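Coordinate analysis (summary)
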Amino acid sequence: MTERFIYPFTFGDRSQSDLLGGKGANLAEMVRIGLPVPPGFTITTQACREFLATGKVPAGLAQEIKDSLRDLEISTGKEFGNPEKPLLVSVRSGAKFSMPGMMETVLNVGMTPEVAHGLATQTGNPKFAWDSYRRFIDMFGRTVCNIAPEELHRIEARVLATFSAQSIQDLDVAGLQALTEGYIREIESITGRPFPTDPRDLLIQSVEAVFLSWNSERAQIYRRRERIPSDLGTAVNIQSMVFGNLSEDSGTGVAFTRDPATGEKGSYGDYLERAQGEDVVAGIRNTMSLAEFGERTPVVHAELERVMGVLEEHYRDLCDIEFTVEKAKLWILQTRVGKRTAEAAFRIATQLVDEGKITMDEALVRTSGDQLAQLMFPQFDLSTSVKEIARGIPASPGAAVGEVVFDSRRAFDLAHSGRKVILVRRETSPDDLVGMVASEGILTSRGGKTSHAAVVARGMGKTAVCGTESIAVDERANLFTVSGLTVYEGETISIDGTTGSVYLGIVPVIASPVTSYLEGRLDASSDQASPVVKAVDRILCYADEIRTMQVRTNADTPEDAIRARILGAEGVGLCRTEHMFLGPRRSYVERLVLAENEEIQRGVIAEMEPLQRADFVGIMMAMSGLPVTVRLLDPPLHEFLPPLADLTAQISRSEALGEEVSARDLAIFAAVKRLHEANPMLGLRGVRLGILIPELYKMQVRALVHAYLEVRKLGHNPMPEVMVPLVASQRELLYLRETLEAEIAKTFVGTGQLLDIPIGTMIETPRAAITASRLGNYADFFSFGTNDLTQLTWAFSRDDVESTFLPRYLDLELLPFNPFESLDQAGVGILVRTAVEQARALRPDFKLGICGEHGGDPRSIHFFHELGLNYVSCSPYRVPVARLEAGRALVLKSATGSSV
């Protein structure tokens with residue numbers, strides 16, 4: 001049976017986004033529940049995938065389009081290409097996952113010169129007809145013919161000057177005809193071929209352009225950022241046109257059933273009279289609010305409010321709605337669950353619980369650790385002397401400071417050179433995405449909360465202030481002016497996406513209220529707590545109630561341990577003892593590895609022991625009653641020894657100048673040459689160092705036992721654990737375990753106390769992972785060191801690849817994400833799963849944790865929950881994120897059988 005590529009809007013529902021794309025599935029859903037949707041049909045995502053794979057329109061698709069157009073003609077009483085009763089359609093993208101503004105749209109497809117004349121006669125409104133035609137030529141030229149917008153803007157400027165008009169809206173019929181004809185001549189000149197006039201050919205070309213836009217640069221950037229798979233393809237929605245530019249009682253708008261920026265209840269959105277849909281999101285004209293729309297058109301506004309209520313009740317969530325009014329008749333063009341800021345996500349989730357629309361499980365799933373992290377970002381401190389120069393619409397909250405930049409590509413280049421930038425534009429377009437991603441924040445002089453800049457910024461968690469009408473942006477001169485002040489590119493401004501304020505210069509920042517709450521400096525039940533703090537408290541407490549996976553912290557100092565415990569850590573999963581010897585203590589490790597004999601080594605070790613003991617005392621006191629996992633020294637030598645190249649250059653220079661080189665410098669040079677390693681990450685470190693210098697690890701467990709005794713004496717409950725790093729074989733582990741157990745027992749002699757300190761190992765080499773059942777015989781627990789496990793599995797040196805070829809791999813989509821930020825479940829994850837299965841087969845209650853950077857990554861946390869790990873461990877400020885995600889993982893696994 002031949003596969004079907006097209007379905008009418010009367011087929012399907014919102015569950016079929018894989019086939020119909022998100023937009024097509026939601027259109028079918030709205031038709032199903034009886035809302036006023038212009039009729040149309042959807043070309044499936046499978047058609048797109050076949051087109052992208054072969055470069056050709058799939059066999060049979062052209063005939064299906066012809067047949068579907070005939071059905072559409074029957075339902076509308078119009079005919080495609082017939083000037084006497086013309087049917088015009090829109091051609092819009094619609095992927096499974098919402099990608100606002102990232103792919104292409106062509107409106108008024110079916111327009112030809114004959115149809116324009118016919119439409120003018122039929123409606124008695126030639127200005128409307130030629131406005132619709134010029135819109136089609138403009139969009140077709142840019143989208144299908146790849147004409148640079150600047151080329152069309154040049155024609156526009158010439159026509160406006162000729163007709164003494166300030167904007168396209170001011171042109172009369174003759175001006176619109178001249179503009180349309182000028183567009184066509186320019187397109188023909190650039191492409192070298194006549195502009196097509198067959199409406200069916202125009203439709204097929206528009207569909208192909210939408211298919212191709214799936215792989216546009218901005219779409220790829222957006223997918224990488226949002227981790228949307230690149231092989232899904234997009235559906236294409238063909239919908240009969242309704243015209244917001246037809247008459248004074250026509251227009252177009254975007255509405256939200258709640259404020260997507262703050263979560264406040266009520267209807268929010270923008271409306272433009274005598275406009276088509278792209279005008280609103282493009283931000284090229286400033287809009288009126290829905291409240292003002294209601295005052296002007298109360299009957300239509302009341303119907304819109306009814307539809308918004310139906311949709312929110314049906315979807316049980318914030319809905320984003322695009323609508324058109326044609327001669328006082330409301331039409332709904334699309335809806336989707338609306339993108340929202342982090343603040344809005346938490347507030348809306350708890351509001352919907354209180355309204356009885358969703359459960360706490362659903363509320364938890366509708367928030368995320370990434371959103372919680374955004375709420376922890378600092379805010380501006382306005383108690384200092386600041387100069388507000390403008391105020392716009394607060395489109396996406398946050399505090400951003402950076403240099404003013406007016407070009408997206410330049411913003412990208414400057415950001416990648418390490419500079420913080422604010423992208424300033426009249427309005428943004430999808431082509432600006434590369435600069436928006438790279439910038440700290442976005443400032444526009446046009447547009448509102450539903451403009452492209454606002455929607456994309458909210459989706460990315462970027463600070464944005466839009467519709468700042470008081471500033472005049474001159475993108476060619478690289479400056480903007482406001483109230484007599486000129487701000488040039490390179491000057492620093494600060495923008496507040498919560499209030500809409502724009503400040504000249506650097507405004508200092510302070511902790512956010514959410515961070516103050518998490519750090520225990522603000523009581524969520526107090527009157528001073530904001531609604532978002534109360535919402536975060538409620539959802540985070542619920543996550544703590546239900547989660548089964550503990551959250552520990554990586555802490556190397558007592559201060560880190562105290563901070564992490566306040567933030568909700570349930571112990572220390574990784575105490576990196578080598579980090580205790582960075583900074584001023586660095587010389588101890590340097591002297592240890594450069595020691596010429598054992599006697600010198602023992603002397604250095606003796607000096608290190610009291611320092612270790614004091615650190616352990618502080619950390620175990622901070623974590624009284626909770627486990628503290630101490631990883632024995634694992635110092636890659638290149639982090640502690642002087643670089644060989646530097647020493648070689650220094651001595652060569654001294655010899656060339658005839659300067660005397662001291663005996664100490666020569667001794668250090670000789671020792672560094674002797675110990676130099678081509679790849680220190682694979683050299684003398686971890687367990688190998690403990691075997692070659694056994695007194696080192698003996699000292700560490702002695703210090704730990706003495707610290708335990710001291711903390712106990714002070715009335716606290718220390719719970720130390722010892723972890724051996726970089727183990728690859730059971731013989732290494734057995735050899736070292738026997739040594740450590742003997743030293744621990746020896747240290748306890750005469751104290752009247754004895755503690756069976758658990759001794760475990762890190763699983764951070766591929767061999768350790770695949771032989772976990774052997775290691776498990778000599779380990780009380782495993783902790784996965786996923787940083788090194790990723791390096792060794794991929795043969796990547798993290799210090800090198802992240803600054804060399806990894807960015808290029810990500811650009812080419814050879815890697816879907818950075819494997820050091822989120823666990824590679826298909827590769828490294830198999831090793832982790834193998835070790836887990838072997839350990840649990842050995843002992844069902846085998847304790848398992850993870851202590852790499854991935855312990856604070858939301859996506860990775862879900863994988864670890866699925867494997868049944870006992871805990872994750874992460875940096876202190878990622879602890880609240882991990883707590884939330886551990887709860888979400890449980891709910892998602894219960895609902896779907898998988899939390900990944």
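Everything in this summary refers to the structure shown in the same document. Since the structure is predicted, the reported quantities are computational estimates derived from the model, not experimental observations. Within any chain, residue numbers begin from 1 and follow the written order of that chain's sequence. Predicted model: local features are reported for residues with pLDDT of at least 70 only, side-chain atom pairs are reported and counted for 80 or more only, and whole-chain, interface and lining totals are derived from all residues. Only hydrogens and water are removed before side-chain values are computed, so all heavy atoms of the structure are retained for them.

Some thoughts on the pairing of strand E32 (residues 847–850)
How we decide: Here, any two strands with at least 2 DSSP bridges between them count as paired. Each helix is a run of H or I in the DSSP string that is no shorter than four residues. Each strand is a run of E no shorter than two, and both are numbered from the N terminus. Every crossover in which the path from the first strand over the helix to the second runs clockwise, viewed with the strands pointing away from the viewer, is termed right-handed.
In terms of strand pairing, strand E31 (residues 781–784) meets E32 through 4 bridges, oriented parallel. Paired with Ser783 across the two strands is Gly849, which belongs to E32. With helix H35 (residues 858–867) bridging E32 and its parallel neighbour strand E33 (residues 871–874), the resulting β-α-β unit is right-handed.

Some words on the pattern of salt bridges
How we decide: Salt bridges are identified by distance alone: a Lys or Arg side-chain nitrogen within 4 Å of an Asp or Glu carboxyl oxygen. Throughout, exposure labels follow a simple rule: accessible area from a 1.4 Å probe, protein chains only, divided by the maximum for the residue type, with under 20% read as buried, over 50% as exposed, and the rest as partly exposed.
Using the criterion set out here, one finds 57 salt bridges in the structure. Between Glu313 and Lys357 there is a salt bridge; the shortest N-O distance is 3.8 Å. You can see Glu313 sitting in helix H12 (residues 298–315) and its partner Lys357 sitting in the loop between helix H13 (342–354) and helix H14 (360–365), a full 44 residues away along the chain. For the salt bridge of Glu721 with Lys847, the shortest nitrogen-to-oxygen distance reads 2.5 Å. Of this pair, Glu721 sits in strand E29 (residues 719–724) while Lys847 sits in strand E32, and the two are 126 residues apart along the sequence. Residue classification places Glu721 among the buried residues on the basis of a relative accessible area of 4%. When its relative accessible area of 25% is taken as the criterion, Lys847 is described as partly exposed. Here the residues in one salt-bridge network are Arg258, Lys265, Glu312, Glu313, Glu355 and Lys357, joined through shared partners.

Notes on the packing of aromatic side chains
Worth spelling out the cut-off: Aromatic rings from Phe, Tyr and Trp, taking only the six-membered ring of Trp, are treated as a pair when their centres fall within 6.5 Å; an angle between ring planes under 30 degrees marks them as stacked, one over 60 as edge-to-face, and anything in between as tilted. Criterion for a charge above a ring: Arg CZ or Lys NZ at most 6 Å from the ring centre, at most 35 degrees from the ring normal.
Applying the stated criterion across every chain yields a total of 17 aromatic pairs. Relative to Phe243, the ring of Phe128 lies with its centre 5.0 Å away and its plane at 75°, an arrangement referred to as edge-to-face. Taken together, the positions of Phe128 in helix H5 (residues 126–143) and Phe243 in the loop between strand E7 (234–240) and strand E8 (251–258) put the pair 115 residues apart, joining distant regions of the chain. A cation sits over an aromatic face here: Arg223 above Trp214, 4.1 Å from the ring centre. Taking the ring centre of Phe817 as reference, the NZ or CZ of Arg227 above it sits at 5.3 Å.

Remarks on the packing of H13 against helix H20 (residues 531–546)
What counts, and what does not: Helix axes use the C-alpha atoms of the stretch in contact, all axes being lines fitted to C-alpha atoms, and the angles between their N-to-C directions lie in the range 0 to 180 degrees. Any angle that is under 35 degrees is reported as roughly parallel, and any over 145 degrees as roughly antiparallel; angles of 65 to 115 degrees are reported as roughly perpendicular and all others as oblique. Two helices cross in a left-handed way if the nearer one is turned anticlockwise from the farther one by less than a right angle. They cross in a right-handed way if the turn is clockwise. Any two residues whose heavy atoms approach within 4.5 Å at even a single point are treated as in contact. Residues are grouped as follows: nonpolar covers Ala, Val, Leu, Ile, Met, Phe, Trp, Tyr, Cys and Pro; charged covers Asp, Glu, Lys and Arg; every other residue, Gly included, is treated as polar.
Between H13 and H20, whose axes approach to 9 Å, the crossing angle comes to 70°. By the angle class used here, H13 and H20 are roughly perpendicular. Crossing hand, H13 versus H20: left-handed. Two secondary-structure elements touch here, H13 through Glu343, Phe346, Arg347, Ala349, Thr350, Val353 and Asp354 and H20 through Pro531, Val532, Ala535, Val536, Arg538 and Ile539. In the contact of H13 with H20, the residues fall into 8 nonpolar, 1 polar and 4 charged.

Structural notes on the sheet that holds strand E2 (residues 40–43)
Read from one edge of the open sheet, 5 strands run E1-E2-E7-E5-E6, paired in antiparallel fashion. On the outer flanks of this sheet lie strand E1 (6–8) and strand E6 (105–109), each paired with one strand and no other. The average angle at which neighbouring strand axes cross in this sheet is 20°, direction not considered. Across 7 bridges, strand E5 (residues 89–95) lies against E7 in antiparallel orientation. Bridging across to E7, Gly94 finds its partner in Ala235. Strands E1, E2, E5 and E7 of the sheet are contacted by helix H3 (residues 61–76), whose axis makes an angle of about 165° with E2.

Focus on the side chain of Asn245
Positionally, Asn245 belongs in the loop between E7 and E8. The class for Asn245 is buried, based on a relative accessible area of 3%. Aside from chain neighbours lying at most four places away, what touches Asn245 is Phe128, Asp131, Ser132, Arg135, Arg274, Ala275 and Gln276.

Re the sheet that holds E33
An order of E26-E27-E28-E29-E30-E31-E32-E33 is seen for the 8 strands of this closed barrel, with the pairing classed as parallel. When strand polarity is set aside, the average angle formed by the axes of neighbouring strands in this sheet is 30°.

Considering helix H31 (residues 786–794)
Every buried residue belonging to H31 is among Thr786, Asp788, Leu789, Thr790 and Gln791, and all of these are buried. Phi turns positive one or two residues past the end of H31, at Ala795, with a value near 60°.

Details of the pairing of strand E12 (residues 329–337)
Bridging between strand E11 (residues 319–326) and E12 involves 8 bridges; their strand directions are antiparallel. Bridge pairing in E12 links Asp320 to Arg336. Hairpin remark: E11 followed by E12, antiparallel, with 2 residues in the connecting loop; positive phi at Lys327, about 50°.

So, the nonpolar core
Rules: What we call a nonpolar core is a set of buried Ala, Val, Leu, Ile, Met, Phe, Trp, Tyr and Cys residues that are connected through their side-chain atoms within 4.5 Å.
Ranked by size, the top nonpolar core spans 120 residues in total, and within it Val514, Leu696, Val724, Leu740, Phe782, Phe784 and Leu869 carry the most contacts. The element best represented in this core is helix H27 (residues 694–713), accounting for 11 residues. In contact with Val514, not counting residues within four places along its chain, are Leu372, Leu375, Met376, Val532, Val533 and Val536. In this structure, Phe51, Val109, Ile147 and Ile155 belong to the second largest nonpolar core, which totals 59 residues.

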